[in-house]
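Breakdown of the fold
The lines below spell out each chain.
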Amino acid sequence: RLMAPTAPVSLTGYARLLRSNRNFRLLWLAQTVSEIGDWLYAVAIYSLILEITGSAQAVALAFVLQVLPQFFMAPAAGVLNDRLSRRKLMIFADWCRAVVVFGMLFAQTPGRLPLLYFLLFTETFFWALFEPGRSSVIPNITTTPEETLVANALGSTTWSVNLAIGAAIGGVLAA
């Protein structure tokens, strides 16, 4: 009787990948920090908007302004990531996002709400530029098809976990 091989996508497979592939480990750690920060600030920003306006519609507008850039940027982002250095484009996009999010610290009054909306739109624009590069670089930094499968699964799982952790921290800080 033959034993079935262990599935590559498992907690053991994740640990093996993170232990053995330095480049993916660095990308994954950066993804983790970035995504937790994204969800943390999103909850804090939505709470701030609700607090300074008292309007759920103002929060909904902020949400829409974070979805629209993804829609508009998606077609061009893939092309840009294929034609330019992914590494440089990803670094550029993340530095721009850092500056934009830092700017949000100065947009905390009702009179600066239009600035905050602009910053939300801009941050998501740069995220939409960054994300295709992150996804497409995975096959370049993994060594086997199985490792690529595990890396993609771990990236997706990490997004979900980061949503929970970042939103929870953001909620606690906003409260």
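Quick look at the structure, then.

Here we come to the overall build of the protein chain. Summing up its helical and strand segments, the protein chain has six helices and zero strands in all. Going from N to C terminus, the protein chain has its helices and strands arranged as α-α-α-α-α-α. Along the first, second and third principal axes, the C-alpha set of the protein chain runs to 70 × 40 × 25 Å. Taken across its 175 residues, the protein chain has 37% of its residues classed as buried.

Attention shifts here to the side chain of Thr-32. Position of Thr-32 among the secondary structure elements: in helix H2 (residues 22-53). Discounting chain neighbours no more than four positions away, the residues touching Thr-32 are Thr-158 and Asn-162.

Interhelical geometry of H2 versus helix H3 (residues 56-83) gives an angle of 145° and a closest axis separation of 8 Å. Like other packed secondary-structure pairs, H2 and H3 cross with a definite hand, here right-handed. Contact residues: Tyr-41, Tyr-46, Ile-49, Leu-50 and Thr-53 in H2; Ala-56, Ala-58, Val-59, Ala-62, Phe-63 and Gln-66 in H3. When the residues that make up the contact of H2 with H3 are grouped by side-chain class, the tally is nine nonpolar, two polar and no charged.

Relative to the assigned elements, Asp-94 resides in helix H4 (residues 86-103). Asp-94 gets classed as partly exposed once you look at its relative accessible area, which sits at 26%. A sequence separation of 63 residues divides Asp-94 from Thr-157, and the C-alpha atoms of the two residues are 21 Å apart. Once you skip the residues sitting within four places of it in the chain, Asp-94 turns out to touch Ser-34 and Phe-130.

A full pass over the atoms with the stated rule returns five aromatic pairs. For the pair Phe-102 and Phe-106, a centre-to-centre distance of 5.4 Å together with 75° between the ring planes defines the contact as edge-to-face. Here Phe-106 falls in the partly exposed class, since its relative accessible area comes to 48%. Among the aromatic side chains, those forming a connected cluster through ring pairs are Phe-92, Phe-125 and Phe-126.

With that out of the way, let us pick up H2. A rise of 1.5 Å per residue sets the reference length of H2, with its 32 residues, at 46 Å; its end C-alpha atoms lie 46 Å apart and thus fit the reference within 8%. For H2, the full list of buried residues reads Phe-24, Leu-27, Trp-28, Gln-31, Thr-32, Glu-35, Asp-38, Tyr-41, Ala-42, Ile-45, Leu-48 and Ile-49. The N-cap of H2, judged by a side-chain oxygen 3.2 Å from the amide nitrogen of Asn-23 a few residues on, is Asn-21. Looking at the residues trailing H2, positive phi occurs at Gly-54, about 70°.

Moving on, we come to the nonpolar core. Within the largest apolar cluster, 23 residues are counted, with the highest numbers of intra-cluster contacts made by Phe-24, Leu-27, Leu-129 and Leu-154. Within the residue set of this core, elements represented by two or more residues are helix H1 (11-20), H2, H3, H4, helix H5 (113-141) and helix H6 (145-174). Per-element tally for this core: the top contributor is H5, with seven residues. Ignoring any residue separated from it by four or fewer positions in sequence, one finds Leu-129 in contact with Met-73, Ala-77, Leu-80, Asn-81, Leu-89 and Ala-93.

A few words on the pattern of salt bridges. This model, assessed by the stated rule, comprises four salt bridges. Residues Asp-38 and Arg-97 are paired through a salt bridge, measuring 2.5 Å at the closest nitrogen-oxygen approach. In this pair, Asp-38 is assigned in helix H2 and Arg-97 in helix H4, connecting sequence segments 59 residues apart. This pair shows no difference in class: Asp-38 is buried, exactly as Arg-97 is. The class of Arg-97 is buried, set by a relative accessible area of 4%. Several salt bridges share partner residues, and in doing so they unite Asp-38, Asp-94, Arg-97 and Glu-123 into one network.

Scoring rules and cut-offs
Residues numbered from 1 in each chain as written. Predicted model: local features only at pLDDT ≥ 70, side-chain atom pairs only at ≥ 80, totals over all residues. Heavy atoms only, no water. Helix = DSSP H or I, 4+ residues; strand = E, 2+ residues; numbered from the N terminus. Buried < 20%, exposed > 50% of the residue type's maximum accessible area, 1.4 Å probe, protein only. Contact = heavy atoms within 4.5 Å. Axes fitted to C-alpha atoms, helices over the stretch in contact; angles between N-to-C directions. Left-handed = near helix turned anticlockwise from the far one by under 90°. Nonpolar A, V, L, I, M, F, W, Y, C, P; charged D, E, K, R; others polar. Phe/Tyr/Trp six-rings, centres within 6.5 Å; stacked < 30°, edge-to-face > 60°. Expected span 1.5 Å × (residues − 1). Polar contact = N/O pair within 3.5 Å; in protein donor to acceptor, adjacent residues only side chain to side chain. Core = buried A, V, L, I, M, F, W, Y, C linked by side-chain atoms within 4.5 Å. Salt bridge = Lys/Arg side-chain N within 4 Å of Asp/Glu carboxyl O.

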